[in-house]
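Read off the chains here:
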Amino acid sequence: MSYKQTYSASVPYSGTISYTYPASKNGGSSSISYHGEVPLNVTINVNTNPFDSSVNNCNKTIDYLTGSVVAMNAAQSAAIRQTAKEVSKSLIDGFFGVINTELSQQLQALDSAIKVSLGLIQEQSQAVSTQKNVMETDYNRISSRYLALFANLDNECYKRIYAMDKQSFYLSEKAQKQLLIEQNANAAALSLLGILEESSSKIFLLVSRLNRKVKEVLKTLVEYITQEHRLNFLVDSFLFNEVAPENIPVYVPVICVEADVVDSGGANSGATFRETFMPEYLEGEQKKAIAGKTGATCPNNSIWRPLETGEKEMLNKEFNALAEQYFEAKTSEIEQRVYKTMLSLWQNSNQLSLGGSSS
């Protein structure tokens with residue numbers, strides 16, 4: 001872009017001129033000094049149009065070159081990706097082809113071995129089944145012959161024993177019949193008595209259960225009705241009917257915080273601000289009164305002193321206990337880094353406490 005620049009200056013000049021004059025009475029020569037400044041204004045016109053045109057042409061050429069490079073890079077990347085896909089596909093297909101062929105050969109070998117073993121097992125099974133049938137036939141024939149023999153022996157033995165002691169067997173059969181009839185009759189009588197006694201016992205149990213339930217319901221109703229009275233009695237038992245001669249002070253926790261304003265370059269840079277924290281159950285007027293007393297107790301020109309050794313050790317102990325309790329179950333890398341950073345900041349900080357106010 002063409003532009004012009006104007007410069008202003010002044011050029012000083014000075015000198016001495018000698019002269020002679022003719023004699024009017026007496027002739028002679030003399031000299032005179034002169035000095036002054038000549039103002040000078042210079043305007044320079046700079047024509048940058050040819051340079052600007054060459055810069056624009058250069059920018060266009062660079063843009064064309066950039067587009068060509070980007071297109072070439074994209075084409076090359078696409079060609080590389082396509083080649084990589086083809087190579088990967090060839091490798092994967094070849095690998096799975098080899099594995100498939102190997103598995104097919106192994107399956108054929110195992111199938112042949114299994115078929116041979118299965119045929120042998122079937123032949124052995126048929127032989128075992130034939131032998132089992134032969135053994136069952138022999139066992140049934142032999143056992144039937146011996147069963148008939150033992151049955152005949154048992155019958156003959158029973159007849160001989162019965163014939164030898166016929167009167168004893170008759171007396172035993174008669175006694176068994178009488179005992180069985182009497183036991184059945186006694187069992188029927190006992191069953192009838194048991195049914196009657198069981199029904200009466202169930203009635204008594206039902207009445208007793210209803211009585212107990214009614215007592216529990218009445219007891220629950222009495223406890224519910226007298227609940228307020230019992231609560232009032234319990235509250236009164238904790239209270240003392242005493243007259244206070246004067247107002248009793250009640251203490252509440254109040255935290256007064258003072259911090260430096262971190263505002264680099266701002267109007268409040270280097271200043272401090274104060275903030276007071278009180279419990280939420282306090283009302284507006286109470287908060288205002290406590291805030292005023294806190295401001296008087298902690299003035300703006302407070303003097304902060306370093307903590308004593310005992311106080312610092314107690315604070316350090318409590319801080320470490322709370323930090324370990326909070327981060328005990330947190331095992332991630334970020335949480336452990338936060339834990340170590342907190343401990344480092346605490347150990348490298350300079351704790352101060354409020355010591356008074358400056359005059």
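Residues numbered from 1 in each chain as written. Predicted model: local features only at pLDDT ≥ 70, side-chain atom pairs only at ≥ 80, totals over all residues. Heavy atoms only, no water.

Visitor: Please explain the overall build of the protein chain as it appears in this structure.
Guide: Scanning the protein chain for helices and strands turns up six helices and six strands. Helices (α) and strands (β) of the protein chain occur, in sequence order from the N terminus, as β-β-α-α-α-β-β-α-β-α-α-β. Counting every position in the protein chain, which comprises 359 residues, the buried fraction comes to 4%. By sequence separation, contacts in the protein chain at least 24 residues apart represent 55% of the contacts at least 6 residues apart. Put simply, the protein chain shows about 32,100 Å² of open surface, and 60% of that area lies on carbon and sulfur atoms. (Helix = DSSP H or I, 4+ residues; strand = E, 2+ residues; numbered from the N terminus. Buried < 20%, exposed > 50% of the residue type's maximum accessible area, 1.4 Å probe, protein only. Contact = heavy atoms within 4.5 Å. Areas by Shrake-Rupley, 256 points an atom, 1.4 Å probe, with all protein chains shown as cover.)

Visitor: How should the packing of aromatic side chains be read in this particular structure?
Guide: Where two aromatic rings form a pair, the distance of their centres and the angle of their planes describe that pair. For the coordinates displayed, the defined rule picks out four aromatic pairs. Ring geometry for Phe319 versus Trp346: centroids 4.6 Å apart, planes at 15 degrees, classification stacked. Taken together, the residues span a long stretch of sequence, with Phe319 in helix H5 (residues 309-326) and Trp346 in helix H6 (residues 333-348) at a distance of 27 residues. Under the relative-accessibility criterion, Phe319 is labelled partly exposed at 22%. Note on Phe327 and Tyr339: the rings are 5.3 Å apart at their centroids and 45 degrees apart in plane angle, and the pair reads as tilted. Highlighted residues: Phe327 in the loop between H5 and H6 and Tyr339 in helix H6, separated in sequence by 12 residues. When its relative accessible area of 16% is taken as the criterion, Tyr339 is described as buried. (Phe/Tyr/Trp six-rings, centres within 6.5 Å; stacked < 30°, edge-to-face > 60°.)

Visitor: Sorry, what's going on with the pattern of salt bridges here?
Guide: Overall, the coordinates contain three salt bridges when judged by the stated rule. With a closest N to O distance of 3.0 Å, Lys89 and Asp93 form a salt bridge. One end of the pair, Lys89, and the other, Asp93, are both in helix H1 (residues 49-164), four residues apart, so they sit about a helical turn from each other. One salt bridge connects Lys115 with Asp111, and the closest N-O pair in it is separated by 3.2 Å. Here Lys115 pairs with Asp111, and both are found in helix H1, just four residues apart, close to one helical turn. (Salt bridge = Lys/Arg side-chain N within 4 Å of Asp/Glu carboxyl O.)

Visitor: Sorry, what's going on with a nonpolar patch on the surface here?
Guide: Taken together, the side chains of Tyr7, Val11, Tyr13, Ile17, Tyr19, Tyr21, Ile32, Tyr34, Val38, Leu40, Val42 and Ile44 define a hydrophobic patch exposed on the protein surface, amounting to about 1,100 Å² of accessible area. Elements supplying a minimum of two residues to the nonpolar patch: strand E1 (3-21) and strand E2 (28-46). Here Ile17 lies in strand E1. Judged by its relative accessible area of 45%, Ile17 is partly exposed. (Patch = residues over 30% accessible without salt bridge, like charges linked within 9 Å, V, L, I, M, F, W, Y side chains within 5 Å.)

Visitor: Explain the environment of Thr43 to me, please; I cannot follow it from the model alone.
Guide: By secondary structure assignment, the location of Thr43 is in strand E2. The exposure class of Thr43 is partly exposed, given its relative accessible area of 45%. Sequence separation between Thr43 and Gln5 is 38 residues; the distance between their C-alpha atoms is 5.8 Å. Once residues within four sequence positions are removed from consideration, Thr43 is found in contact with Lys4, Gln5 and Thr6.

Visitor: Mind showing me how you'd approach the environment of Ala259 here?
Guide: Note that Ala259 resides in strand E3 (residues 255-260). Between the C-alpha atom of Ala259 and that of Arg274, which follows or precedes it by 15 residues, the distance is 6.6 Å. Residues within four places of Ala259 in sequence aside, it is in contact with Ala271, Thr272 and Phe273.

Visitor: Sorry, what's going on with the packing of H5 against H6 here?
Guide: Helix-helix packing is described using two parameters, namely the angle between the two axes and the distance between the axes. Where H5 meets H6, the axes come as close as 11 Å, and the angle between the chain directions of the two elements is 175 degrees. The angle between H5 and H6 falls in the class roughly antiparallel. In contact with Leu315, Asn316, Phe319, Asn320, Ala323 and Glu324 of H5, H6 contributes Tyr339, Met342, Leu343 and Trp346. Its residues assigned to classes, the contact of H5 with H6 comprises seven nonpolar, two polar and one charged. (Axes fitted to C-alpha atoms, helices over the stretch in contact; angles between N-to-C directions. Parallel < 35°, antiparallel > 145°, perpendicular 65-115°, else oblique. Nonpolar A, V, L, I, M, F, W, Y, C, P; charged D, E, K, R; others polar.)

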